[in-house]
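Geometric and topological summary
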There are 6 protein chains.
Amino acid sequence: MTDSNLDRPAARKPFRRLLLTGAAGNLGQQLRGALAAWADIVRVTDIAPLGVVAAHEEASIVDLADEAAVHALLEGVDAVVHLGGISVEAPFEDLLEANIRGLYNLYSAAQKQGVKRIVYASSNHAVGFHPTTSVLDIDAPLRPDSLYGVTKCFGESLSRYYFDRFGLETVCLRIGSSFEQPKNPRMLVTYLSFRDFIELVRCSLFTNRVGHAIVYGVSDNRTKWVDNTKAAFLGFRPRDSSVEFEHLFPVTAPTAELDDPAQQFQGGAFVLAGPMEPKR
Amino acid sequence: MTDSNLDRPAARKPFRRLLLTGAAGNLGQQLRGALAAWADIVRVTDIAPLGVVAAHEEASIVDLADEAAVHALLEGVDAVVHLGGISVEAPFEDLLEANIRGLYNLYSAAQKQGVKRIVYASSNHAVGFHPTTSVLDIDAPLRPDSLYGVTKCFGESLSRYYFDRFGLETVCLRIGSSFEQPKNPRMLVTYLSFRDFIELVRCSLFTNRVGHAIVYGVSDNRTKWVDNTKAAFLGFRPRDSSVEFEHLFPVTAPTAELDDPAQQFQGGAFVLAGPMEPKR
Amino acid sequence: MTDSNLDRPAARKPFRRLLLTGAAGNLGQQLRGALAAWADIVRVTDIAPLGVVAAHEEASIVDLADEAAVHALLEGVDAVVHLGGISVEAPFEDLLEANIRGLYNLYSAAQKQGVKRIVYASSNHAVGFHPTTSVLDIDAPLRPDSLYGVTKCFGESLSRYYFDRFGLETVCLRIGSSFEQPKNPRMLVTYLSFRDFIELVRCSLFTNRVGHAIVYGVSDNRTKWVDNTKAAFLGFRPRDSSVEFEHLFPVTAPTAELDDPAQQFQGGAFVLAGPMEPKR
Amino acid sequence: MTDSNLDRPAARKPFRRLLLTGAAGNLGQQLRGALAAWADIVRVTDIAPLGVVAAHEEASIVDLADEAAVHALLEGVDAVVHLGGISVEAPFEDLLEANIRGLYNLYSAAQKQGVKRIVYASSNHAVGFHPTTSVLDIDAPLRPDSLYGVTKCFGESLSRYYFDRFGLETVCLRIGSSFEQPKNPRMLVTYLSFRDFIELVRCSLFTNRVGHAIVYGVSDNRTKWVDNTKAAFLGFRPRDSSVEFEHLFPVTAPTAELDDPAQQFQGGAFVLAGPMEPKR
Amino acid sequence: MTDSNLDRPAARKPFRRLLLTGAAGNLGQQLRGALAAWADIVRVTDIAPLGVVAAHEEASIVDLADEAAVHALLEGVDAVVHLGGISVEAPFEDLLEANIRGLYNLYSAAQKQGVKRIVYASSNHAVGFHPTTSVLDIDAPLRPDSLYGVTKCFGESLSRYYFDRFGLETVCLRIGSSFEQPKNPRMLVTYLSFRDFIELVRCSLFTNRVGHAIVYGVSDNRTKWVDNTKAAFLGFRPRDSSVEFEHLFPVTAPTAELDDPAQQFQGGAFVLAGPMEPKR
Amino acid sequence: MTDSNLDRPAARKPFRRLLLTGAAGNLGQQLRGALAAWADIVRVTDIAPLGVVAAHEEASIVDLADEAAVHALLEGVDAVVHLGGISVEAPFEDLLEANIRGLYNLYSAAQKQGVKRIVYASSNHAVGFHPTTSVLDIDAPLRPDSLYGVTKCFGESLSRYYFDRFGLETVCLRIGSSFEQPKNPRMLVTYLSFRDFIELVRCSLFTNRVGHAIVYGVSDNRTKWVDNTKAAFLGFRPRDSSVEFEHLFPVTAPTAELDDPAQQFQGGAFVLAGPMEPKR
């Protein structure tokens with residue numbers, strides 16, 4: 001991963017080198033193209049194949065649990081968008097490697113390499129055990145709804161520590177449901193359009209000072225479970241809404257049984273998913 | 001009030017049977033038509049004549065203070081929109097019958113009949129003794145501005161109990177001034193258009209889980225005394241505003257005497273109305 | 001109920017005439033003697049027999065639901081300690097007469113007679129549906145645990161209105177369990193000694209300004225579910241504690257089933273008591 | 001400064017006489033024209049020349065530190081828009097005369113002359129030592145970023161006293177950066193268009209009751225450091241935004257050194273400006 | 001004001017030189033002796049005669065409004081206990097010189113001389129317009145009850161600025177009524193014994209880090225209007241109480257008229273004292 | 001680890017079997033004896049030797065990272081006091097095994113075995129990056145001061161999840177400095193006597209319902225950085241204080257440099273300890 005700077009024209013983009021982890025994933029693919037406008041070099045990484053590598057890109061397959069590889073990955077990086085790791089409920093052993101050990105490797109390497117900022121894909125599942133009859137601001141107490149959610153809480157604590165101790169800034173994006181379109185009625189509330197997702201990352205990278213910030217990643221949907229007022233210093237204003245998808249779901253009377261946790265809590269089906277048994 | 005289901009085609013609307021109380025009143029008349037789209041059967045009731053009864057309607061004249069009649073009224077009902085009772089300052093004896101005894105009858109019957117949800121017309125007069133220089137969120141302490149307002153506080157407490165004890169959900173609508181148009185400058189702040197009122201009831205009926213919710217019923221007026229942020233899980237977004245009516249009221253310098261309570265408190269003239277003497 | 005002032009020596013006690021309602025009840029009997037030191041005349045009333053009437057006392061049997069009798073009762077009174085009404089779960093019809101109609105009569109008469117202050121026996125059952133794992137300050141939202149608790153919420157709202165509207169001051173005492181000694185483990189938390197109860201009434205009567213105040217009536221027990229910090233302007237400092245009674249209850253592991261509401265909520269068994277059927 | 005009322009036609013505008021201080025300054029010039037529509041007579045004052053005086057205007061050059069002159073200036077005034085004084089960091093001695101002694105003279109005279117309301121140009125520099133990673137509501141603790149900011153805190157305290165003591169109402173406008181256009185990236189956040197500034201003054205003058213209010217003066221910019229929710233009773237809704245000026249500032253990666261106070265705090269360069277040495 | 005250190009034995013006390021302003025006043029006299037144990041040299045100053053000067057003392061008569069004299073006064077000082085200035089309502093002109101100009105001189109000089117900490121005698125009159133039915137924590141909004149109180153707010157803002165800007169620490173003591181004994185019933189609430197006052201200064205000087213702190217100076221009186229919980233990092237635990245003086249004031253029924261501000265607000269008679277006319 | 005119940009007399013103690021992890025450590029040794037009074041059988045475990053095993057004890061050496069061993073360890077257990085794991089800063093790899101993997105094993109096994117409650121030794125280092133000039137209540141945001149502190153945050157999140165998902169109760173003890181006596185001035189603030197520690201565990205085990213609770217483990221020291229008011233439902237009242245040890249530390253003027261993190265933050269030297277390099 002040598003510095004390819006010498007044979008390039010002088011940098012003209014805001015960042016010299018951005019690292020994108022999880023670049024082969026659902027959101028990574030969406031973001032990868034957008035980063036081209038923001039950095040001279042975009043280093044992309046994943047454990048899955050990364051497809052065609054553009055002229056401005058550096059690609060490498062790295063397991064985040066591999067400490068040495070991660071330290072190499074962070075060399076020469078200005079800022080990171082960390083979408084890597086596991087983003088659904090999974091056996092604890094898998095989460096431990098990808099989301100705990102892997103995240104520590106990332107922060108440890110970033111600090112040593114002098115990286116200034118990490119945009120961290122946290123999740124609304126860090127607070128998914130709050131009821132659907134509440135509206136959370138960014139100071140709401142952690143209520144993970146799954147072991148996956150617990151690892152996202154870990155990430156928010158670890159990044160807080162790296163900011164308080166070393167000044168390494170992080171924006172924790174508590175991303176809702178970022179897909180082409182909502183897949184069920186719950187996602188009408190948690191929907192984050194790809195366009196709004198990219199805008200959220202843009203705000204997180206370019207706001208001059210972010211400290212250790214938390215922000216919910218949702219579009220301007222009609223129904224809201226979260227309130228970003230206290231994160232308004234990031235300048236994130238969603239432009240999309242799930243309203244255009246409401247017609248996909250027939251209007252029904254509230255039919256959920258009162259004791260169905262997937263209806264009671266913001267995390268939806270996640271609250272019942274775990275802990276999963278390891279695959280053996 | 002036999003079940004007329006047998007001779008109807010199969011239900012296709014979200015609710016099978018909705019009950020609307022106070023159907024002959026100002027707001028009841030507005031809402032009555034809208035309910036047709038939401039339920040196969042709309043049961044309408046009032047103490048005043050109910051006019052022409054549509055094919056999808058069941059109509060009955062019931063005094064809410066009549067326990068047996070109210071229990072019959074609730075049979076077979078899925079959800080209730082309760083606009084009945086007295087909605088202005090009145091002698092305590094009258095309020096006691098309509099808004100206290102009547103409301104208890106309603107909740108007692110609803111619980112016994114297995115009703116799942118009541119949309120309850122509370123009022124901004126439950127908090128009308130807050131000053132006009134404050135902005136109330138839905139957790140603001142109760143400050144009734146009249147005996148009428150006290151009975152609305154009673155309704156909010158009673159419905160809270162029925163939710164905590166029996167799981168019977170309620171949305172308390174703290175309705176402002178819902179008329180064709182504002183009648184005085186204060187109503188520029190408290191105005192709720194009929195269209196927004198209907199939308200608010202729609203949100204209250206169709207949101208999957210509401211628990212025991214409180215929400216202010218005001219349109220998107222320029223000046224605000226209330227803040228619905230914490231009720232955003234209901235998905236209510238007003239579309240109207242009193243701005244179009246501002247021209248009706250000449251702009252004047254603040255002329256109110258500093259000690260005029262009707263100018264000092266959100267409840268306006270209500271703060272001076274009661275207690276009224278009973279009519280004898 | 002003529003003014004007996006003329007043939008008495010000049011008043012030397014702080015109050016000229018105090019009214020004690022519920023004087024024949026559990027707490028009324030405790031307080032009745034103490035009032036002698038604070039007022040030249042103590043007017044005692046109840047619906048039950050009042051026993052021997054002392055020289056400084058005026059006694060009358062009054063049903064609080066009797067409007068005319070209550071207005072007569074309030075004549076010439078400086079301040080009221082209102083312990084009357086029903087203090088346990090009961091059929092709604094009974095609560096309506098004693099705790100709603102009766103309370104309105106009391107406040108209506110007090111206002112007309114120029115009474116300056118009422119010390120009102122509210123109850124921790126106005127907030128009894130808060131979990132036993134929380135500590136409530138005096139701004140905690142109302143969560144009545146019974147129809148009885150709902151009537152106490154009514155009393156707090158009604159008295160708030162009379163203060164905001166007429167300046168008639170009230171101290172709402174959210175009394176816990178005031179008996180000779182705790183009768184079960186829950187009462188170790190809610191215990192209020194008779195001595196502390198009397199001191200609480202004393203503070204409520206003699207603090208120069210109280211506005212509309214709420215204060216929890218508990219002794220300095222080891223375990224606390226409530227926090228009176230914001231009511232410290234009343235100067236109430238309990239001197240007793242249930243610690244001396246802890247030996248009465250054998251120490252056991254937490255054995256309550258997780259879904260036993262009587263263990264989950266501060267109101268204890270009240271949360272399951274109502275609504276009761278009327279006695280017919 | 002005689003009363004010119006006699007030879008004028010009957011008043012038809014909302015105010016009879018408004019006083020504008022600092023009329024020759026940046027914002028004073030913007031506002032001066034707008035006031036013509038709101039008052040029969042606009043009294044304008046400054047220590048600098050006031051240019052052409054219109055028919056509806058009364059102009060006088062007054063040093064606010066001149067007690068007698070200020071008392072004369074307030075005669076016959078209904079309400080004041082106080083933009084006078086020093087609005088940048090300056091030697092303490094200068095600030096003392098203009099912003100402390102001068103402000104006391106203004107309030108003392110206003111109270112004696114029976115003025116009902118003052119719209120006071122406070123500043124975001126009263127809270128400029130809050131970090132740029134926070135969003136302040138109107139209750140945020142004072143954190144002045146300069147001696148100038150300290151004098152604005154003084155003004156907010158003094159006006160609070162005059163309201164609590166004498167009922168003289170004040171709206172404290174914590175004005176951001178009100179210029180033709182933002183001059184640097186920070187001003188994209190603090191920008192207040194002239195049009196929005198005038199609207200803010202309009203709301204402050206015409207809202208029927210304001211008590212002692214605090215409101216941030218910023219347009220609807222994309223990035224926000226402040227939150228006016230609790231001041232919504234003033235009805236201020238900005239119509240402009242700095243978005244149209246974002247193109248003026250090239251997008252860059254966050255380059256500020258972590259220990260540059262001008263980047264860390266909302267006050268920007270003000271936090272490093274003072275205290276200045278007096279000019280001698 | 002030469003350094004008398006050379007002819008003394010090596011310093012063994014915690015501070016080398018403490019400055020006490022207002023040393024001739026009521027509290028200054030109480031504190032002066034105590035300081036001997038804490039510093040090798042105690043520099044005492046006042047505008048009034050300072051009496052006998054002890055061997056460990058340096059005494060000088062200084063007008064705080066005299067900038068040059070104050071700068072000389074601060075030379076070689078480690079920390080300051082600032083009791084100087086006017087401590088009652090007075091004409092604004094007098095307050096301006098002593099409490100505003102004088103305080104600025106003190107902070108300006110302290111910063112230039114490298115002083116690390118100032119213990120500043122603020123006052124409960126900075127928040128005296130809060131009602132007597134509230135309990136204030138240290139974040140309560142400023143509500144000065146007098147021009148004197150306004151100058152104390154100024155001091156709290158100025159010292160906040162010096163901490164945020166220069167790291168000069170201050171503890172603002174909101175001193176209640178510190179006399180031999182309470183002089184009226186209100187002082188039973190605001191009483192601060194001399195012993196507790198000295199202990200409060202001791203905590204303020206010796207706590208390792210104080211930042212910019214606010215703490216109420218009251219003894220452990222029965223009735224409380226203030227709550228120091230959030231200042232518990234100072235370690236101040238009052239040992240005295242006004243209980244021993246309660247017998248001095250006969251128990252009376254609340255007799256104050258409802259509209260007597262001196263009974264309604266914590267500041268007592270101060271709320272009616274100002275503004276005073278200057279003595280001419 | 002067979003059930004030894006058959007050959008014992010009938011159980012008379014509150015718990016049948018308690019598990020104590022970390023039994024060989026500093027606090028484990030203190031607690032081990034106390035548990036004898038509370039349970040028929042005390043199962044003790046550690047990775048270090050456990051010394052003499054009493055008749056009522058079951059002892060086993062278990063590495064918490066050994067999943068199968070932990071599951072066996074939890075068989076037949078009613079409740080757990082979990083002091084095991086690493087309690088100081090350490091290389092991340094070590095913390096990962098002991099405090100993350102080990103804790104997951106414990107909760108996973110406890111849930112499967114039907115354990116009702118875990119008393120979990122969290123730490124004030126979970127919030128150690130709060131400044132020493134603040135007082136934290138139990139809702140204060142997490143601010144770990146070390147990787148060790150991050151793992152304690154993980155434990156608080158994991159146990160929250162197990163409560164919300166499975167009803168497994170936990171009390172998180174944010175233990176300060178529990179030693180024979182304070183070892184430095186900071187520990188005068190964080191000191192928890194052994195006696196108070198044992199009492200805190202007693203309250204945590206015997207309070208009937210605890211849900212998921214957080215409580216600070218400090219004695220009644222003079223200076224406080226934490227406030228347990230909201231945890232008062234646990235009934236913990238410390239009886240000891242560090243006052244008796246204050247004489248051990250000479251009184252000095254605040255000498256710490258303003259930029260010494262170990263003086264600025266509650267975590268003391270921990271804030272500078274990590275991350276440590278692994279021992280290889």
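Residue numbers run consecutively from 1 along every chain, following the written order of its sequence. Chain letters start at A and ligand numbers start at 1, both assigned in the order the entries are written. Totals for whole chains, interfaces and linings use every residue, but because this is a predicted model, local features are given only for residues with pLDDT of at least 70 and side-chain atom pairs only at 80 or more, for both listing and counting. Side-chain calculation: all heavy atoms of the structure are included, whereas hydrogens and water are not.

An unreviewed UniProt entry lists chain A under the name NAD-dependent dehydratase, from Paraburkholderia phytofirmans OLGA172. Comment text from UniProt for chain A, heading Sequence similarities (unreviewed entry), reads "Belongs to the NAD(P)-dependent epimerase/dehydratase family." UniProt positions are given in the numbering used here, feature names are shortened, and annotations may be inferred rather than shown by experiment.

A few points about the pairing of strand E2 (residues 39-46) of chain D
Residue and element names in this part refer to chain D. Here the term buried applies to any residue with accessible area under 20% of the maximum for its type, exposed to any over 50%, and partly exposed to those in between, with areas from a 1.4 Å probe on protein chains only. In this text, helices come from DSSP runs of H or I with a minimum length of four residues, and strands from runs of E with a minimum of two, each type numbered from the N-terminal end. By the criterion of burial, E2 is predominantly enclosed, with 8 of the 8 residues buried. Strands are labelled as partners when DSSP assigns at least two bridges between them. Two strands pair when backbone bridges link them, and strand E1 (residues 15-21) and E2 are joined in this way by 5 bridges, in the parallel orientation. Among the inter-strand pairings, Phe15 is bridged to a residue of E2, identified as Ala39. Note on handedness: a clockwise path from strand one over the helix to strand two, with the strands aimed away from the viewer, defines a right-handed crossover. Each parallel crossover has a hand, and for E1 linked through helix H1 (residues 26-35) to E2 it is right-handed. Bridge analysis of E2 against strand E3 (residues 57-61) gives 5 bridges, and the strand direction is parallel. When the bridges of E3 are listed, Val44 appears paired with Ala59.

Details of the interface of chain B and chain D
A contact between two residues is defined here by any heavy atoms of the two lying within 4.5 Å. Facing 22 residues of chain B, the contacting portion of chain D comprises 22 residues. Accessible area that two parts lose when put together, evaluated with a 1.4 Å probe and summed over both, is termed the buried area. Summed over both partners, the interface of chain B with chain D buries about 1600 Å², with 56% contributed by carbon and sulfur atoms. By salt bridge we mean one thing: a side-chain nitrogen of Lys or Arg within 4 Å of a carboxyl oxygen of Asp or Glu. At the surface where chain B touches chain D, the tally comes to 2 salt bridges. Where Arg222 of chain B meets Glu199 of chain D, a salt bridge forms, and the shortest distance between an N and an O atom there is 3.9 Å. Here the term charged refers only to Asp, Glu, Lys and Arg, the term nonpolar to Ala, Val, Leu, Ile, Met, Phe, Trp, Tyr, Cys and Pro, and the term polar to all other amino acids, Gly among them. For the side of chain B that touches chain D, the per-class residue count stands at 7 nonpolar, 9 polar and 6 charged.

Let's talk about the relation of the copies chain A and chain F
All copies are superposed by least squares; the fitting set is the C-alpha atoms of residues with a pLDDT of at least 70 in both. Once turned by 180° and shifted 0.0 Å along the axis, chain A lies on chain F with an RMSD of 0.0 Å. Taken together, these values place the two copies in the relation of a two-fold axis. Looking at the rotation axis and the C-alpha trace of chain A, the residue lying nearest is Phe154 of chain A, at 2.8 Å. Interface overlap between copies: 100% of the residues of chain A at the interface are likewise at the interface in chain F, consistent with a symmetric, same-surface contact.

Quick look at the relation of the copies chain B and chain D
Overlaying chain B with chain D gives an RMSD of 0.0 Å, the required rotation being 120° about an axis along which the chain moves by 0.0 Å. These values place the two chain copies in the arrangement generated by a three-fold rotation axis. Residues of chain B ranked by C-alpha distance from the rotation axis are headed by Thr229 of chain B, positioned 5.8 Å from it.

Description of the pattern of salt bridges
Scanning the model with the defined rule gives 102 salt bridges over all chains in all. Salt-bridge contacts for Glu57 of chain A lead to Arg32 of chain A; the nearest nitrogen and oxygen are separated by 2.8 Å. Placement of Glu57 of chain A in strand E3 (residues 57-61) and of Arg32 of chain A in helix H1 (residues 26-35) is noted, with a sequence separation of 25 residues between them. According to the relative accessible area criterion, Arg32 of chain A is buried, its value standing at 11%. Residues joined in a network through salt bridges with shared partners are Glu199 and Arg202 of chain A together with Arg222 and Glu246 of chain D.

Re the sheet that holds E2 of chain D
Residue and element names in this part refer to chain D. Taken in spatial order, the 7 strands line up as E3-E2-E1-E4-E5-E7-E8 in an open sheet, and their pairing is parallel. This sheet does not close on itself; its edge strands, each paired only once, are E3 and strand E8 (212-217). Pairs of neighbouring strands in the sheet enclose a mean axial angle of 20°, with direction left out of account. Bridge count between strand E5 (residues 117-123) and strand E7 (residues 169-175): 7 bridges; the pairing is parallel. In the strand pairing of E7, Arg117 is matched with Glu169. To obtain an axis, a line is fitted to C-alpha atoms, over the contacting stretch when the element is a helix, and the angle between two such axes runs from 0 to 180 degrees between their N-to-C directions.

As for the packing of helix H3 (residues 92-113) of chain A against helix H3 (residues 92-113) of chain F
The geometry of H3 of chain A relative to H3 of chain F is characterised by a closest axis approach of 12 Å and an angle of 145° between their N-to-C directions. The crossing of H3 of chain A and H3 of chain F is right-handed. Touching Phe92, Glu93, Leu96, Glu97, Ile100, Arg101 and Tyr104 of chain A of H3 of chain A are Phe92, Glu93, Leu96, Glu97, Ile100, Arg101 and Tyr104 of chain F, all from H3 of chain F. Here the residues of the contact of H3 of chain A with H3 of chain F are counted per class, giving 8 nonpolar, no polar and 6 charged. A clockwise turn of the near helix away from the far one marks a right-handed crossing, whereas an anticlockwise turn of less than a right angle marks a left-handed crossing.

Structural notes on the packing of helix H4 (residues 147-166) of chain D against helix H4 (residues 147-166) of chain E
Look at H4 of chain D against H4 of chain E: their axes get within 9 Å of each other, and the N-to-C directions meet at 155°. The pairing of H4 of chain D with H4 of chain E is recorded here as roughly antiparallel in orientation. H4 of chain D and H4 of chain E meet at a crossing whose hand is right-handed. Here Leu147, Val150, Cys153, Phe154, Ser157, Leu158, Tyr161 and Tyr162 of chain D of H4 of chain D come into contact with H4 of chain E, specifically with Leu147, Val150, Cys153, Phe154, Ser157, Leu158, Tyr161 and Tyr162 of chain E. Here the angle decides the label: under 35 degrees means roughly parallel, over 145 means roughly antiparallel, 65 to 115 means roughly perpendicular, and every other value means oblique.

Describing the interface of chain A and chain F
How big an interface is tends to be stated in terms of accessible area lost as the parts join. Counting residues at the interface gives 34 residues for chain A, matched by 34 residues for chain F. If you look at where chain A meets chain F, you find 2 salt bridges. With a closest N to O distance of 2.6 Å, Glu93 of chain A and Arg101 of chain F form a salt bridge. Two N or O atoms form a polar contact when they lie within 3.5 Å of each other; inside protein one atom must be a possible hydrogen donor and the other a possible acceptor, and for residues adjacent in sequence the pair counts only when both atoms belong to side chains. The interface formed by chain A and chain F holds 6 residue pairs in polar contact (both at pLDDT 80 or more) in total.

So, empty space enclosed by the protein
Residue and element names in this part refer to chain E. Throughout, the protein atoms alone are placed on a 1 Å grid, and a set of points is a cavity if a 1.4 Å probe fits but cannot get out or a pocket if it is open with protein on both sides within 12 Å along at least five of seven lines; lining residues have an atom within 4 Å of a point. Grid points are joined across faces, edges and corners, and a volume is the space filled by probe spheres set on the points. Applying the stated criterion to the full structure yields 11 cavities of 30 Å³ or more. In this model, the largest cavity occupies a volume close to 120 Å³. Around the largest cavity, the lining comprises 16 residues; the ones closest to its centre are Asn124, Thr190, Val218, Trp225 and Val226. Of all the secondary-structure elements, those providing two or more residues to the lining of the largest cavity are strand E6 (169-175) and helix H5 (185-190). Classifying every residue of the lining of the largest cavity by side-chain character gives 7 nonpolar, 7 polar and 2 charged.

Points about the arrangement of the chains
With no contact between them, chain A and chain C keep their nearest C-alpha atoms 13 Å apart. With no contact between them, chain D and chain F keep their nearest C-alpha atoms 13 Å apart.

A word on the environment of Asn184 of chain D
Residue and element names in this part refer to chain D. Relative to the helices and strands, Asn184 resides in the loop between E7 and helix H5 (187-190). Considered as a pair, Asn184 and Leu248 are 64 residues apart in the sequence and their alpha carbons are 8.6 Å apart. Reaching out from Asn184, the side chain makes a polar contact with the backbone nitrogen of Arg186 at a distance of 3.1 Å.

Here we look at the sheet that holds strand E7 (residues 212-217) of chain E
Residues and elements named next belong to chain E. Taken together, the 7 strands give an open sheet; going across it, the order is E3-E2-E1-E4-E5-E6-E7, and neighbouring strands pair in parallel fashion. Since the sheet does not close on itself, it has two edges, and those belong to strand E3 (57-61) and E7, each with one partner. Neighbour to neighbour, the strand axes of the sheet diverge by 20° on average, direction disregarded. Examined bridge by bridge, strand E1 (residues 15-21) and strand E2 (residues 39-46) share 6 bridges and lie parallel to one another. Directly across from Leu18, in E2, lies its bridge partner Val42. Sitting on the sheet, helix H3 (residues 92-113) is in contact with strand E4 (79-82), strand E5 (117-123) and E6, with an inclination near 165° to E5.

Some points on the packing of aromatic side chains
Ring pairs (aromatic) are described by centroid distance and by the angle formed between their planes. Each aromatic pair joins two rings of Phe, Tyr and Trp (for Trp, the six-membered one) with centres within 6.5 Å, and gets the label stacked for planes under 30 degrees apart, edge-to-face for over 60, and tilted for any other angle. Here the structure, examined in full by the defined rule, presents 66 aromatic pairs over all chains. Ring centres of Tyr161 of chain D and Phe166 of chain D lie 6.3 Å apart, and the angle between their planes is 80°; on these two criteria the pair is classed as edge-to-face. Using a relative accessible area of 27% as the deciding quantity, one classes Phe166 of chain D as partly exposed. Between the NZ or CZ atom of Lys183 of chain F and the centre of the ring of Phe179 of chain F, over which it lies, the distance is 3.8 Å. In this scheme, the term charge over a ring applies when either NZ of a lysine or CZ of an arginine sits within 6 Å of the ring centre and within 35 degrees of the ring normal.

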